[in-house]
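Here are the chains, one letter per residue:
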Amino acid sequence: MDYLLADSIENISHFSKRQLADKMCDAQKLQEGSGASPSEKRSWENSLYTFIKLLQMEGLGHLYIVAEYSLIGNDRIDAVLVGKSKYEGGKPLATIIELKQWSRLGDNNLSKKAFVKVELHNEVYEYRLHPIQQTINYQRNI
């Protein structure tokens, strides 16, 4: 099983943006022999860092996160949260998380139901696989 980060939210919530990205870059170098692309590193410093901070702030530090979990082929899940629910008698849980850095959503074409039109930067729109469809595809490959 390959992943770049696995720890409790509590333990990694104290990392700075740079510490988080550096830890993941180091893991990627060990596993793949190459460093992260600038866009990957930026994603970890922004989206993943913010997600971890939000989870800690909401009292979910007891959960564990597995970040950049590799699937068969080249696909990687941004994050998987695992642990026990604070509710329902501590029922085990696992949730697939797909983080996005989109600026906003555009009008969708009904013939492209598995896709969403998104603004990436400066009002440039293009269709991307809908995050729900993306996680459905991940579930098929786990």
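What counts and how
Residues numbered from 1 in each chain as written. Predicted model: local features only at pLDDT ≥ 70, side-chain atom pairs only at ≥ 80, totals over all residues. Heavy atoms only, no water. 1 Å grid on protein atoms, 1.4 Å probe; cavity = no way out; pocket = protein on both sides within 12 Å on 5 of 7 lines; lining within 4 Å. Points joined across faces, edges and corners; volume = space filled by probe spheres on them. Helix = DSSP H or I, 4+ residues; strand = E, 2+ residues; numbered from the N terminus. Nonpolar A, V, L, I, M, F, W, Y, C, P; charged D, E, K, R; others polar.

### Quick word on empty space enclosed by the protein
Step number 1: Applying the stated criterion across every chain yields a total of 1 cavity of 30 Å³ or more.
Step number 2: Roughly 30 Å³ of volume is contained in the largest cavity.
Step number 3: In terms of lining residues, the largest cavity is bounded by S43, W44, L48, E68, D78 and L99.
Step number 4: With 3 residues, helix 3 (residues 38–57) is the single largest residue contributor to the lining of the largest cavity.
Step number 5: Residue composition of the lining of the largest cavity, by class: 3 nonpolar, 1 polar and 2 charged.

### So, unusual backbone geometry
Step number 1: The phi dihedral of E68 falls on the positive side, at around 55°, and the residue is not glycine.
Step number 2: Take E68: it is sitting in strand 2 (residues 64–70).

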